[in-house]
Amino acid sequence: MLYIVIALSAEARAIVQMLKLKRVYTLPYTMFENEDVKLIISGMGNDNAMMATSTLLGHLPPCESDLLINIGICAAPKKYAIGESLLIHKITREEHSCFPDILFEHSLKESGLLTVDKPTDEEQQMPVDMESYGIYKAASRFLQTHQMLFYKVVSDHFEPHTVTKELAEELILANVKKIEDIISRAQYVMKKEKLFTTDEEELIQKISDLLSKSQSDAFVDACHYYKFHQKKPLHPKGTLHVSGIKAIDEKISKQERNKYFEQLIKTLTL
Amino acid sequence: MNNLSKPSHSDFFSHLYIEESVIDEPLTKEIISKFSNSKIIMIKHYKDVFNRPNQDFAMQSRSKNLILARREAPFLYEGSYYSDGFEYENFFYTPSILGCLYDCDYCYLSGMYNSANSVLFVNTDDFFEALTPYLEKPTLIAISYDTDTLAIESITSHTKIWIEHAAKHPNLHLEIRTKSANFKAIKSLTCNENIVLAWTLSPQKIIESYEHKTPSLEKRLRSIKEAIDAGWKVRVCIDPVIYNEEFHELYPPLIDKLFNTIEPEKLFQLTLGSFRMSSTHLKRIKKLRRSDIAFYPYEIKDNIVSYSKEIEQNILETMIERATNYIPRTRIRTWQLQ
Ligand code: SF4
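Rules of the game
Going along each chain's sequence as written, the residues are numbered from 1 onward. Both sets of labels track the order of writing: A upward for chains, 1 upward for ligands. Restriction of local features to residues with pLDDT of at least 70 applies here, the model being predicted, together with a cutoff of 80 or more for giving and counting side-chain atom pairs; totals for whole chains, interfaces and linings are based on all residues. Processing note: side-chain calculations cover all non-hydrogen atoms of the structure and skip hydrogens and water entirely. Only DSSP runs of H or I covering at least 4 residues are called helices, and only runs of E covering at least 2 are called strands; the numbering of each starts at the N terminus. Note on method: radius of gyration uses C-alpha positions; expected globular size equals 2.2 Å times residues raised to 0.38. Exposure is judged per residue with a 1.4 Å probe applied to protein chains only, and the accessible area is read against the type maximum: over 50% gives exposed, under 20% gives buried, and values in between give partly exposed. Residues are treated as being in contact if the distance between any of their heavy atoms lies within 4.5 Å. In the analysis that follows, any N or O atom pair within 3.5 Å is treated as a polar contact, provided that within protein one partner can donate a hydrogen and the other can accept it, and provided that, for residues neighboring in sequence, both atoms belong to side chains. Domain limits in this description derive from either an automatic procedure or a database domain assignment. Buried area adds together the accessible area that both of two parts lose upon being put together, with accessible area traced by a 1.4 Å probe. Whenever Lys or Arg places a side-chain nitrogen within 4 Å of a carboxyl oxygen from Asp or Glu, that contact is recorded as a salt bridge. Each residue gets one of three labels, nonpolar for Ala, Val, Leu, Ile, Met, Phe, Trp, Tyr, Cys and Pro, charged for Asp, Glu, Lys and Arg, and polar for the others, Gly among them. Take the residue count of a helix, subtract one, and multiply by 1.5 Å to get its expected span. For this quantity, the arc is that covered by the directions from the helix axis to the C-beta atoms. Proximity is defined per residue: if any heavy atom of the residue lies within 4 Å of a molecule or strand, that residue is considered near it. Joining through side-chain atoms within 4.5 Å is the link that ties buried Ala, Val, Leu, Ile, Met, Phe, Trp, Tyr and Cys residues into a set, and such a set is a nonpolar core. Think of it this way: DSSP has to see at least two bridges between two strands before they count as a pair. Axis definition: a line fitted to C-alpha atoms, limited for helices to the stretch in contact. Angles are taken between N-to-C directions and run from 0 to 180 degrees.

Colleague: Would you take a moment to explain the overall build of chain A for this structure?
Modeller: For chain A, the count of helices and strands is eight helices and ten strands. Computed over its C-alpha atoms, the radius of gyration of chain A comes to 25 Å, more than 25% above the 18 Å expected for a compact globule of 270 residues. Based on the C-alpha atoms only, the size of chain A along its principal axes is roughly 80 × 35 × 35 Å. In chain A, which comprises 270 residues, the share counted as buried stands at 55%. In chain A, of all internal contacts separated by at least 6 residues, the share reaching a separation of at least 24 is 67%.

And the structure:
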């Protein structure tokens, strides 16, 4: 699943179109989705962003291959051009900083970012937004450091009065291809092959149910050992390799169960 | 979303995290100049990055980053139960680098740290100062305990700095353990009787399966030979031995290969030991779900996991028998659970 958190509807419009998302009404937020994507409009500000992110991820808890991206505009010092897109590697609010991991190659400029409470016309040393810190804080309860991306497009040089809804929409629209590319790169490096097939998972479960808790833990470990070591299917049916493990249907005594368990471990780890 | 085939960062250290307090240190500047393409991220304290919760060790291992920091005391730790202190009254290891460029599936570091990144403490003089009171007596320091210093030598010059320090202090003994093939990095230094270069060897098949990013057996052997020929004291560690059904085909021939490459009488010592680890670390390594090593049905005793007594015995007896074809038993050290 791809989770997208965006502060304003104007910033979201181009993304909704690009991903062909449909409006949904499952949560008390403006939300869009398709089969693989959930997009939430958080509203402006750190607290709103934190709450919306918590609500979204709490409603549909992510797994280890999921990604969250925050897309939005930011103010920045003059060395950054208006319309330039940035990938954020450090987010600071007051005295605290957090560090999303960027573990893939890309051609965007990277930057630190300051999250503040109000739009500011005071020149700062680095790009500034109002949401990223809150999103990171909330999302880091659910996701690992490489599963969060912060994509910002420079909208102004600390002249908040120049930023209109139209400008925000235009800036994101001009970047949709780059945003799509960054998401693909992040998702590519996060891909993890499943160790067990669904058939194997079923077999493991069936056998585990016959064992005591500690035996079941040891058996699951042994299955891992077998798959990593032999690199062959575990499932005895319909495969070339037969590992020799199978579930037994009839009720067995404790003594028989212990013998059965020993045999399983031997088969899988020798 | 379309799926592009894009690799992760191909080079080490796409990002350098630098503590504000060390930005002006000469070593920091030198490292920055070597990594001109890396993004520099200023941090307050290395733990803000290194100790973050929810890092993915396996994922970070594919794209490791470097953190430059200032170490605060303690600068020395007493040698661990899992390693050999060689009967020195003072045996310490220095946590001057945390984390390793290599990526061995059985490494306890992956069970100990949240992060696969490395921390280099650039204030080496503070380590030396902490050591001074102990140097009245022979003192052994393992400088590559939580890392492989020679692997990262071209970036840090860390091994060189320690070897040069040892040259000035006759009671300072060093053990420099490595899987690298990087003897050339210290080749120009004068060899020192008090320093042991300890190379870990494994059969090539084991290297390929478990010791990711490390040099091949051939390359390590070449480096060992060079070091011995240059007059250095070299200990070869076939430790940890990873046991499986191919043990007899893989490990005894490794001993033959070693002694066909070097002259047996020139090897200072051979260390043999089978895989063992604290069960706490093993539990964490299991969570990474990367390798069969984490899932073998080990025996647990006193919070240490190891092979069964019979397997351990078999490993040691087989290896000792083969090794004594080349060197006397007195030059073979073994690690076995008591
Ligand atoms: S070389 Fe040593 S320290 Fe480095 S990963 Fe391998 S076992 Fe760990």
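Picking up where we left off.
Colleague: What am I meant to see in the side chain of D221(A) here?
Modeller: Mapping D221(A) onto the fold places it in helix α7 (residues 213-230). A distance of 2.5 Å separates polar atoms of two side chains, one belonging to D221(A) and the other to K286(B). Discounting residues that sit within four places of it in the chain, D221(A) has contacts with K286(B) and F295(B).

Colleague: Explain the domain arrangement of chain A to me, please; I cannot follow it from the model alone.
Modeller: Partitioning chain A into domains gives domain 1 (2-190) and domain 2 (198-269). Inter-centroid distance (C-alpha atoms) of domain 1 of chain A to domain 2 of chain A is 45 Å.

Colleague: What is the right way to look at the interface of chain A and chain B in this model?
Modeller: Interfaces are often described in size by the accessible area the parts lose on coming together. Listed as interface residues are 41 residues of chain A and, on the opposing side, 40 residues of chain B. Interface of chain A and chain B: buried area, both sides summed, is about 3600 Å²; carbon and sulfur atoms make up 54% of it. In this structure, K192(A) and D56(B) form a salt bridge, with 3.1 Å as the shortest nitrogen-oxygen distance. Where chain A packs against chain B, one counts 15 residue pairs in polar contact (both at pLDDT 80 or more). Among the elements of the structure, β6 (85-93), α5 (176-190), α7 and α8 (254-269) of chain A are those that each provide at least two residues to the side of chain A that touches chain B. Broken down by element, the side of chain A that touches chain B gets its largest block of residues, nine residues, from α5(A). For the side of chain A that touches chain B, the per-class residue count stands at 19 nonpolar, eleven polar and eleven charged.

Colleague: In this structure, what is going on with the pattern of salt bridges? I would like to understand it.
Modeller: For side chains of opposite charge, pairing can occur when their charged atoms come near one another. Inspection of every chain in the model, using the stated rule, returns 32 salt bridges over all chains. Taking the shortest distance from any N to any O, the salt bridge between E25(B) and R70(B) comes out at 2.8 Å. Pair noted here: E25(B) is in the loop between β1 (15-19) and α1 (26-34) and R70(B) is in the loop between β3 (66-69) and β4 (77-78), with a separation of 45 residues, a long-range link. E25(B) gets classed as partly exposed once you look at its relative accessible area, which sits at 23%. Look at R70(B) and you get partly exposed, because its relative accessible area is 27%. Among the ionic contacts, a cluster of salt bridges with common partners joins E64(A), K192(A) and D56(B).

Colleague: Is there a simple way to explain helix α6 (residues 198-210) of chain A in this structure?
Modeller: Each α-helix turn comprises 3.6 residues. Residues three or four places apart therefore point the same way. Residues and elements named next belong to chain A. With 13 residues, α6 should cover 18 Å at 1.5 Å per step; its first-to-last C-alpha distance of 19 Å lies within 8% of that length. Buried residues of α6: E200, L203, I204, I207 and S208, and no others. Buried positions in α6, seen along its axis, are confined to an arc of 130 degrees and lie on one side of it. Away from its buried face by more than 90 degrees, α6 exposes E202 and D209. Tucked inside the fold, the buried residues of α6 contact α7 and α8.

Colleague: Honestly, the site of the ligand in this entry has me stumped. Any pointers?
Modeller: Every residue lining the ligand is accounted for by C100(B), Y102(B), D103(B), C104(B), C107(B), L109(B), T147(B) and K179(B). Classifying every residue of the shell around the ligand by side-chain character gives five nonpolar, one polar and two charged.

Colleague: Just checking my understanding: could you explain the nonpolar core for this structure?
Modeller: General note: in soluble globular proteins, nonpolar side chains tend to be found buried as a group. Residues and elements named next belong to chain B. In this structure, L197, V234, I238, Y251 and F275 are the most contacted members of the largest nonpolar core, which totals 89 residues. Counting residues per element, this core draws most heavily on helix α10 (residues 247-261), which supplies seven residues. Sequence-distant contacts of V234, defined by excluding residues within four places in its chain, comprise L197, W199, I224, A227, I228, L267, F268 and Q269.

Colleague: Whenever I open this one, the sheet that holds strand β10 (residues 172-178) of chain B confuses me. Can you help?
Modeller: Whether parallel or antiparallel, the strands of a sheet pair through hydrogen bonds between backbone atoms. All names here are of chain B. Ordered by their spatial adjacency, eight strands build an open sheet running β4-β5-β9-β10-β11-β13-β14-β18, and the pairing between neighbours is mixed. The sheet terminates laterally at β4 and β18 (332-335), the two strands that pair on one side only. Of the pairings in the sheet, the one linking β10 to strand β11 (residues 195-200) comprises five bridges and is parallel in character. Opposite E175, over in β11, you have V196 as the bridge partner. Where helix α9 (residues 217-229) meets the sheet, its contacts fall on β11 and β13 (233-241), and the angle it forms with β11 comes to roughly 165 degrees.

Colleague: Whenever I open this one, the sheet that holds strand β2 (residues 39-43) of chain B confuses me. Can you help?
Modeller: All names here are of chain B. If you trace the five strands from one edge of the open sheet to the other, you get β2-β1-β3-β8-β6, paired in mixed fashion. Of all the strands in the sheet, the pair left with one neighbour each is β2 and β6 (97-98). Relative to β2, β1 is paired through five bridges, and the arrangement is parallel. Note on β2: the bridge partner recorded for I18 is M42.

Colleague: Explain the pairing of β3(B) to me, please; I cannot follow it from the model alone.
Modeller: The side chains of a regular strand alternate, residue by residue, between the two faces of the sheet. Residues and elements named next belong to chain B. Of the two faces of β3, the one holding L66 and L68 and the one holding I67 and A69 are both buried throughout. In terms of strand pairing, β1 meets β3 through three bridges, oriented parallel. By the bridge assignment, I18 is partnered in β3 with L68. Bridge count between β3 and strand β8 (residues 118-121): four bridges; the pairing is parallel. Each bridged residue has a counterpart across the sheet, and for L66 the counterpart in β8 is S118.

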